[in-house]
Amino acid sequence: MSAAMQKRQDALESMMRAAPVVAVVVIGKLGDAIPLARALVAGGIHAIEITLRTPVALDAIRAVAAEVDGAIAGAGTVLTAADLHAAEDAGARFGVSPGTSPALLAALEKSTLPFLPGSATASEALALFERGYRLQKFFPAEPAGGVEYLRAVHGPLPGIGFCPTGGIRAATAANYLALPNVVCVGGSWLSPADLVRAEDWKAITASARAAALLRGR
Ligand code: 3PG
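Because the structure is predicted, anything quoted here is derived from the model rather than measured.

### Description of helix α8 (residues 170–177)
Along α8, the positions that sit buried rather than exposed are Ala173, Tyr176 and Leu177. Taken end-on, α8 shows its buried residues confined to a sector of 90°, consistent with a single buried face. Buried residues belonging to α8 abut α7 (146–154), β8 (161–164) and β9 (185–187).

### Some points on the site of the ligand
Taken together, Val24, Glu49, Arg53, Lys137, Phe139, Thr165, Gly166, Gly167, Arg169, Gly187 and Ser188 make up the full set of residues near the ligand. Arg53 places a polar side-chain atom, nitrogen or oxygen, 2.3 Å from an oxygen atom of the ligand. The contact in question runs from an oxygen atom of the ligand to an N or O atom on the backbone of Gly167, over 2.6 Å. When grouped by side-chain class, the residues that make up the shell around the ligand number two nonpolar, five polar and four charged.

### A few points about the packing of aromatic side chains
Applying the stated criterion across every chain, the model contains two aromatic pairs. On the numbers, 4.3 Å between centres and 15° between planes, the contact of Phe138 with Tyr149 is stacked. A residue pair is termed long-range when its members are at least 10 positions apart, and Phe138 in strand β7 (residues 135–138) and Tyr149 in helix α7 qualify at 11 residues. Residue Tyr149 is classed as buried on the basis of its relative accessible area of 13%. Where Phe138 meets Phe162, the ring centres are 6.4 Å apart and the plane angle is 75°; that geometry is what we call edge-to-face. On the criterion of sequence distance, the pair formed by Phe138 in strand β7 and Phe162 in strand β8 is long-range, its members being 24 residues apart. Residue classification places Phe162 among the buried positions, given a relative accessible area of 1%. Through a chain of ring-to-ring contacts, three or more aromatic side chains come together here, namely Phe138, Tyr149 and Phe162. The aromatic ring of Phe139 is capped on one face by Lys137, whose charged end is 4.8 Å from the ring centroid.

Cut-off values and rules
Residues numbered from 1 in each chain as written. Predicted model: local features only at pLDDT ≥ 70, side-chain atom pairs only at ≥ 80, totals over all residues. Heavy atoms only, no water. Buried < 20%, exposed > 50% of the residue type's maximum accessible area, 1.4 Å probe, protein only. Helix = DSSP H or I, 4+ residues; strand = E, 2+ residues; numbered from the N terminus. Arc of directions from axis to C-beta. Contact = heavy atoms within 4.5 Å. Near = heavy atom within 4 Å. Polar contact = N/O pair within 3.5 Å; in protein donor to acceptor, adjacent residues only side chain to side chain. Nonpolar A, V, L, I, M, F, W, Y, C, P; charged D, E, K, R; others polar. Phe/Tyr/Trp six-rings, centres within 6.5 Å; stacked < 30°, edge-to-face > 60°. Lys NZ or Arg CZ within 6 Å of the ring centre and 35° of its normal.

Right under this line is the structure:
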């Protein structure tokens with residue numbers, strides 16, 4: 001692996017290990033971005049994956065990156081080279097994809113953004129590992145095999161660390177975090193749409209605090 005890729009992976013790992021959980025958020029209203037990020041950081045959750053699924057997502061990344069001390073604003077749902085460049089321009093500190101395609105991989109080769117690419121099978125995981133991605137998002141975690149999948153791939157693929165995401169909730173996160181090949185888990189359960197709509201930032205901080213206390217390895 002090149003020294004540059006090594007550095008990029010180390011930077012990603014330190015962000016992914018900032019807390020046991022990466023908050024996956026969907027921002028529908030730009031005004032929610034800063035209070036939501038502040039609520040998560042107040043509870044001890046730092047890495048915030050703002051999904052590029054809404055028209056205000058890039059502005060939300062910009063706002064959180066500029067205004068929220070302690071937040072590590074990243075871009076989720078990065079599907080294309082254009083998404084990657086837009087995330088970089090907005091100041092995202094990391095990017096996440098649900099899966100990978102040849103076009104996205106080609107764009108990533110030319111980028112220095114710490115990036116967590118998605119895989120859901122041993123073949124996909126190995127192909128990414130060959131390119132230097134030793135940390136990967138296992139997505140969609142619950143439907144794609146959950147804890148049992150991760151336990152099964154640890155033997156043959158010991159060098160890969162995963163951030164499982166997709167269907168994980170407060171009650172199941174610890175089962176994942178107990179595995180040796182899990183670096184963190186991702187999930188949207190910290191900021192459910194009803195709490196965001198109600199601007200119940202205190203409840204979100206309480207969920208974040210509980211998540212921050214989950215034991216990682
Ligand atoms: C994602 O958007 O990356 C995941 O779908 C989040 O999954 P969750 O909403 O089930 O936590």
